[in-house]
Amino acid sequence: MSEGTRYSEKLECRRCQNVAPMRVVGTVSDTTEQLRDDGPPDESGTIYEVLSCPKCDQVTIRSGFWHDGMEHDDWRAKIIYPSERQRIEGLPQAVEKEFRAAEQVSTISANAYAVLLGRVLDVVCDDRKATGKTLHERLSDLAARHEIPKNLAEMAHKLRQLRNVGAHADLGALTDQEVPVLAALCRAVLEYVYSAPKLVERVEKLVEKLKAH
């Protein structure tokens, strides 16, 4: 470690969800000076910090207002890149746990990500009491019971197939290009099964409230 290396407080990386101090790799100041009649000019403006995650090496950028006389410990900044991932509402604890575990390896290994997302589907099937000996059969059972629509079941099968590629080297290997596809497929299933019913419930309550007035 070189002398003068700075680290942030503990932050959660929005890419791999690792929580740890991040190395400050760069600082950019967008400040201006205002002249004063009774002394040196005041300098104030926005400070940007570029941080590096110690686990996935991906960059985080945050910004905050700064002025002369402010100590660094008093500086308050918010992360502006990458954007915060939208949380999937309504996930049972077991599904949430497996999904977060998968997200933690999304920037490290596409193959591992696919395998863990396959595990997410397994837990979803457990939660929804799907029947069948294989994941394919259990997903088909969810579709037959209208837990998920037929086209979404087909998407889930695609994720299952990609999971198999990630788990078996003789079938090939996934790359970073497949990661957004994997994420989109899994999120589509989770949002339909868990988030959509929550949204419908909120709308129904709102309608009933409006009717009461």
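For clarity, every value in this text was computed on a predicted model and none was experimentally measured.

1. Topic: the overall build of the protein chain
Consideration 1: Scanning the protein chain from N- to C-terminus turns up five helices and five strands.
Consideration 2: On C-alpha atoms alone, the protein chain measures out to a radius of gyration of 24 Å, which is more than a quarter above the 17 Å that the 2.2 N^0.38 rule sets for 213 residues.
Consideration 3: With respect to the principal axes defined by its C-alpha atoms, the protein chain has extents near 80 × 65 × 25 Å.
Consideration 4: Split into buried and exposed, the 213 residues of the protein chain put 33% on the buried side.
Consideration 5: Sequence separation of 24 or more characterises 46% of the internal contacts of the protein chain that already satisfy a separation of 6 or more.
Consideration 6: With the model as given, the accessible surface of the protein chain reaches about 13,400 Å², and the carbon-plus-sulfur share is 51%.

2. Considerations on the packing of helix α2 (residues 110-127) against helix α3 (residues 135-144)
Consideration 1: It is at 10 Å that the axes of α2 and α3 come closest, and there the two elements cross at 50°. Considering the angle they form, α2 stands oblique to α3. Crossing angle aside, the handedness with which α2 passes α3 is left-handed. Of the residues in α3, those touching α2 at Gly 118, Leu 121, Asp 122, Cys 125 and Asp 126 are Leu 135, Arg 138, Leu 139 and Leu 142.

3. Points about the confidence of the model for the protein chain
Consideration 1: The predicted model of the protein chain has a mean per-residue pLDDT of 86, with 96% of residues at 70 or higher.
Consideration 2: Mean pLDDT across the elements of the protein chain ranges from a minimum in helix α5 (residues 179-212), with 82, to a maximum in α2, with 94.

4. Brief notes about unusual backbone geometry
Consideration 1: Residue Pro 82 is bonded to the preceding Tyr 81 through a cis peptide linkage, with omega at -5°.
Consideration 2: Relative to the assigned elements, Pro 82 resides in the loop between β5 (78-81) and α1 (93-103).
Consideration 3: Residue Asp 57 is not a glycine yet carries a positive backbone phi of 65°.
Consideration 4: Tracing the sequence through the fold places Asp 57 in the loop between β3 (39-52) and β4 (59-67).
Consideration 5: The backbone phi angle of Lys 129 is positive, close to 60°, even though this residue is not glycine.
Consideration 6: Here Lys 129 is to be found in the loop between α2 and α3.

5. Some remarks on α5
Consideration 1: Taking 1.5 Å of rise per residue, the 34 residues of α5 would be expected to cover 50 Å, and the 47 Å separating its terminal C-alpha atoms lies within 8% of that figure.
Consideration 2: The sharpest bend along α5 measures roughly 45° and falls at Glu 191.
Consideration 3: Taken as a whole, α5 has its buried residues at Val 179, Leu 182, Ala 183, Leu 185, Cys 186, Arg 187, Val 189, Leu 190, Val 193, Tyr 194 and Ser 195.

6. Regarding the side chain of Ser 195
Consideration 1: Within the fold, Ser 195 resides in helix α5.
Consideration 2: Residue classification places Ser 195 among the buried positions, given a relative accessible area of 15%.
Consideration 3: A distance of 2.9 Å separates a polar atom in the side chain of Ser 195 from the backbone oxygen of Glu 89.
Consideration 4: With sequence-adjacent residues up to four places away left out, Ser 195 is seen in contact with Ile 88, Glu 89 and Leu 190.

Definitions and limits used
- Residues numbered from 1 in each chain as written.
- Predicted model: local features only at pLDDT ≥ 70, side-chain atom pairs only at ≥ 80, totals over all residues.
- Heavy atoms only, no water.
- Helix = DSSP H or I, 4+ residues; strand = E, 2+ residues; numbered from the N terminus.
- Rg over C-alpha atoms; globule rule 2.2 N^0.38 Å.
- Buried < 20%, exposed > 50% of the residue type's maximum accessible area, 1.4 Å probe, protein only.
- Contact = heavy atoms within 4.5 Å.
- Areas by Shrake-Rupley, 256 points an atom, 1.4 Å probe, with all protein chains shown as cover.
- Axes fitted to C-alpha atoms, helices over the stretch in contact; angles between N-to-C directions.
- Parallel < 35°, antiparallel > 145°, perpendicular 65-115°, else oblique.
- Left-handed = near helix turned anticlockwise from the far one by under 90°.
- pLDDT = per-residue confidence, 0-100.
- Expected span 1.5 Å × (residues − 1).
- Bend = angle between axes of the 7 residues up to and from the residue.
- Polar contact = N/O pair within 3.5 Å; in protein donor to acceptor, adjacent residues only side chain to side chain.

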